[in-house]
Amino acid sequence: PTSCICLFVEAVMLEMQDPKTGVKSQPQKLVITTIPHAITGEDVVTWLANRYTIEAEEAWALGTMLVAFGYIYPLQDHKRLVIKPDTALYRFQTPYFWPAQQWPVEDTDYAIYLAKRNIRKKGVLEMHEQEQYSSLHKWMNHKWDFIVMQAKEQYRAGKERKKPDRAVFDCQERAYWVVHRPPMIFTQQSIMRPRVKSSVSIGALVKYSVTCNKHDPFLAPCLPSNPWVTDDVTYWLLNMANVDIPTKMRVERWTFSFGELLSDPRGRDDFRLFLKKEFSGENLAFWEACEDLKWGTAATMNEKAQQVYKTFLARGAPRWINIDGKTMEVTVKGLKHPHRYVLDAAQTHIFMLMKKDSYGRYLKSPVFKDTQKRAIGPDQHSVSQLEANARKRRPSISPIIVRQQEKEERARMATSGPVDITQVMSKLSNKDLLTCIDINTHTSRSTTTHTHT
């Protein structure tokens, strides 16, 4: 159902942007900047009402839904995700930011955006942005230098654009984050409430559930069967960490996100093969070395940090990675006093490089297509197979009985083995000696008792 809704909304958006039959757009003045291809809320509501033969209230509700989901964004009142049926200005969001793209909304990207706004506004942010900025600064303090550096680079690149293009891009980016990081408002009682509708959150939850329901062990059966129930270990064998041929469902998960691919050892091996063919395998090797440093023991931390520097970062390193000068400067400075997160800035840089560049090409590469083609889809075990497993099943034996059986087995082995006459005579001699000691002791006690009497 969610995919059908997305297809319907996208079809509506394409119709609305049709040059002949869609909503009429024209350049509009915004303060002193002319914004190209701007539309008014009144035109949007009118078009929807005429196109679908609905009342104005229903057209307004549909237009508001398009704004709330990020398909249309306001140019003036950014915090209010509603369509105003007047001369308020809006623009169509670029398809890159449409919800159907399912881009993962990450805190690092949001922190870079806030840092960039902080630079542009010279420290004067809105209340909800300032709170988010402070919170992210505390949480990501170990890589804040990297975040600020990225924000400065993006700000510098933005200044090179023409003024109308810069204004449009700023509005697009701001609208994207208003949808995915909705601002909070203060009531008179200082109670914070989200400005986003519950339907937006429910829609995102439904979309995630539809995508992942086949991979949820509580909602979908294990294929070919649940080993804990059927005593058949085929499921475990097919899903081993470094199995030669993975299952189709496992390969499908690699397409969900780049993080999903790296978290699977088999997927990482496949991605490593692709990078090797592109002569960029050092990027993944560096990322893995950073993970090893981050989660390794404290005793080997200094040694691993120096090894990573010599292998990937030093001049003339055998597997030198290409990172910008500022990140290199921050990393080398931190290596003077190494800790677990000293390489985070460089690791994040390489991660984003692989995610935005290599990951997309990998999903279209012959390496992935071949793995996808060879992947197996196990059929569910039949009833006859499960019954055969049940007949072979034996109840577990009590540990007490096991120990008793082991004792009896040792006794049986002792009696059935060859007799060593030397050991027997030695045991008899020791036994006679003990008997004599007992007799002498008894006699001396009797004599002592008689004397006292």
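Each chain carries its own residue numbering, running from 1 in the direction its sequence is written. Under the rules for a predicted model, residues below a pLDDT of 70 receive no local features and side-chain atom pairs below 80 are neither given nor counted, while totals for whole chains, interfaces and linings still include all residues. As a rule here, side-chain values cover all heavy atoms of the structure and leave hydrogens and water aside.

In the nomenclature of an unreviewed UniProt entry, the chain is known as Regulator of G-protein signaling 9 of Salmo trutta.

## Let's talk about the pattern of salt bridges
The term salt bridge refers to a side-chain nitrogen of Lys or Arg lying within 4 Å of a carboxyl oxygen of Asp or Glu. Taken as a whole and assessed by the stated rule, the structure comprises 20 salt bridges. The partner of Asp 170 in a salt bridge is Arg 120, with the nearest N and O atoms 3.5 Å apart. You can see Asp 170 sitting in helix H7 (residues 163-180) and its partner Arg 120 sitting in helix H4 (residues 107-120), a full 50 residues away along the chain. A relative accessible area of 23% places Asp 170 in the partly exposed class. Residue Arg 120 is classed as partly exposed on the basis of its relative accessible area, which comes to 28%. A salt bridge links Asp 357 to Arg 361, with the nearest nitrogen and oxygen atoms 2.4 Å apart. Here the residue Asp 357 and the residue Arg 361 both occupy positions in helix H17 (residues 344-363), the gap between them amounting to four residues, near one helical turn. Strands here are runs of E lasting at least two residues and helices are runs of H or I lasting at least four, both read from the DSSP assignment and numbered beginning at the N terminus. Think of it in three bands: with a 1.4 Å probe and only protein chains considered, a residue is buried below 20% of the maximum accessible area for its type, exposed above 50%, and partly exposed in between.

## Here we look at unusual backbone geometry
For the peptide bond that leads from Leu 223 to Pro 224, omega is 10°, which places it in the cis range. Within the secondary structure, Pro 224 is located in the loop between helix H8 (198-212) and helix H9 (227-230). Unlike most non-glycine residues, Thr 53 shows phi in positive territory, near 50°. Inspection of the secondary structure puts Thr 53 in the loop between helix H2 (41-52) and helix H3 (56-68). The exposed category is assigned to Thr 53, whose relative accessible area is 71%.

## So, the side chain of Thr 348
Positionally, Thr 348 belongs in helix H17. By relative accessible area, Thr 348 is classed as buried at 12%. Here Thr 348 is in contact with Thr 108, Lys 143 and Phe 146, once residues within four sequence places are set aside. Residues count as neighbours in contact if any of their non-hydrogen atoms are within 4.5 Å of one another.

## Some words on the confidence of the model for the chain
Every residue gets a pLDDT, meaning the predictor's confidence in that residue, from 0 to 100. Summary statistics for the chain give a mean pLDDT of 80 and a share of 83% for residues scoring 70 or more. Confidence drops under a pLDDT of 50 for residues 185-194, and excluding neighbours within four residues, the segment shows 15 contacts in the predicted structure. Contacts for the low-pLDDT stretch residues 433-453, under 50 throughout, to residues beyond four places or in other chains number zero contacts.

## With respect to the packing of aromatic side chains
Here the aromatic set is Phe, Tyr and Trp, taking the six-membered ring for Trp, and pairing holds for ring centres within 6.5 Å; pairs whose planes are under 30 degrees apart are stacked, those over 60 apart are edge-to-face, and all others are tilted. According to the stated counting rule, one finds 15 aromatic pairs in the structure shown. Here the aromatic rings of Tyr 110 and Tyr 113 are separated by 6.2 Å at their centres, their planes lie at 20°, and the arrangement is stacked. Here Tyr 110 pairs with Tyr 113, and both are found in helix H4, just three residues apart, close to one helical turn. No difference in accessibility class separates Tyr 110 from Tyr 113, as the two residues are buried. Ring geometry for Trp 228 against Trp 236: centres 5.2 Å apart, planes inclined by 80°, an arrangement best described as edge-to-face. Above the ring of Tyr 52, the side-chain terminus of Arg 51 is found at 4.9 Å from the ring centroid. Placement of a charge over a ring requires the Lys NZ or Arg CZ to be within 6 Å of the ring centre, with the centre-to-atom vector within 35 degrees of the ring normal. Its end group placed over the ring of Phe 169, Arg 161 keeps NZ or CZ at 4.4 Å from the ring centre.

## A look at the nonpolar core
Core analysis: the biggest nonpolar cluster contains 36 residues, and Phe 271, Phe 286, Leu 313 and Tyr 362 have the highest contact counts within it. Looking at this core, the elements with two or more residues in it are helix H11 (248-254), helix H12 (258-263), helix H13 (265-277), helix H14 (281-295), helix H15 (301-313), H17 and helix H18 (366-374). Residues contacting Leu 313, with those up to four places away along its chain left out, are Phe 286, Val 308, Trp 320, Ile 321, Ile 323, Met 328, Thr 331, Leu 335 and Leu 343. Counting 25 residues, the second-largest nonpolar core is a separate cluster that includes Val 12, Trp 47, Ile 83 and Trp 98. Here, nonpolar core refers to any group of buried Ala, Val, Leu, Ile, Met, Phe, Trp, Tyr and Cys residues whose side-chain atoms link them within 4.5 Å.

## Some points on a nonpolar patch on the surface
Taken together, the side chains of Trp 228, Val 229, Val 233, Trp 236, Leu 237 and Met 240 make up a nonpolar region of the molecular surface, amounting to roughly 680 Å² of accessible area. Breaking the nonpolar patch down by element, the ones donating at least two residues are H9 and helix H10 (234-238). Tracing the sequence through the fold places Leu 237 in helix H10. The patches reported here contain residues having more than 30% relative accessible area and no salt bridge. Joining distances are 9 Å for like charges and 5 Å for nonpolar side chains (Val, Leu, Ile, Met, Phe, Trp, Tyr). Values of accessible area rely on a 1.4 Å probe in the Shrake-Rupley scheme; residue burial ignores everything except the protein chains shown.

## With respect to the packing of H14 against H17
Between two packed helices, the angle of one axis relative to the other and the distance separating the axes together describe the packing. Interaxial angles span 0 to 180 degrees and are taken between N-to-C directions of axes, which are lines fitted to C-alpha atoms, for helices over the stretch in contact. Put simply, H14 and H17 touch, their axes get as near as 10 Å, and they point 140° apart. What the angle tells us is that H14 and H17 run oblique. Considering only the axes of H14 and H17, their crossing is left-handed. Here Asn 283, Leu 284, Phe 286, Trp 287, Cys 290, Glu 291 and Lys 294 of H14 lie close against H17, whose contacting residues are Asp 344, Ala 346, Gln 347, Ile 350, Phe 351, Leu 353 and Met 354. Residues were grouped as follows: Ala, Val, Leu, Ile, Met, Phe, Trp, Tyr, Cys and Pro as nonpolar; Asp, Glu, Lys and Arg as charged; and all remaining residues, including Gly, as polar. Here the residues of the contact of H14 with H17 sort into nine nonpolar, two polar and three charged. Oblique is the label for any angle not covered by the other classes, which are roughly parallel (under 35 degrees), roughly antiparallel (over 145) and roughly perpendicular (65 to 115). It is the rotation of the near helix from the far one that decides the hand of a crossing: anticlockwise by less than a right angle makes it left-handed, clockwise makes it right-handed.

## Observations regarding the side chain of Glu 282
Along the chain, Glu 282 falls in helix H14. Under this rule, positive means Lys or Arg and negative means Asp or Glu; His and the chain ends count for nothing. Buried and unpaired, Glu 282 has Arg 319 as its nearest opposite-charge partner, separated by 5.1 Å. In contact with Glu 282, other than residues within four places in its own chain, are Phe 312, Arg 319, Trp 320 and Ile 321.

## Points about the sheet that holds strand S4 (residues 89-92)
When DSSP locates at least two bridges between a pair of strands, those strands are taken to pair. Taken together, the four strands give an open sheet; going across it, the order is S1-S2-S4-S3, and neighbouring strands pair in antiparallel fashion. Every other strand in the sheet has two partners, leaving strand S1 (26-30) and strand S3 (72-74) as the edge strands with one partner each. Shown here is a sheet whose adjacent strand axes are inclined to one another by a mean of 60°, direction ignored. Bridge analysis of S3 against S4 gives three bridges, and the strand direction is antiparallel. Bridge pairing in S4 places Ile 72 opposite Phe 92. Strands in contact with H7 are strand S2 (33-40), S3 and S4; relative to S2, the strand with the most contacts, it is inclined by about 50°.

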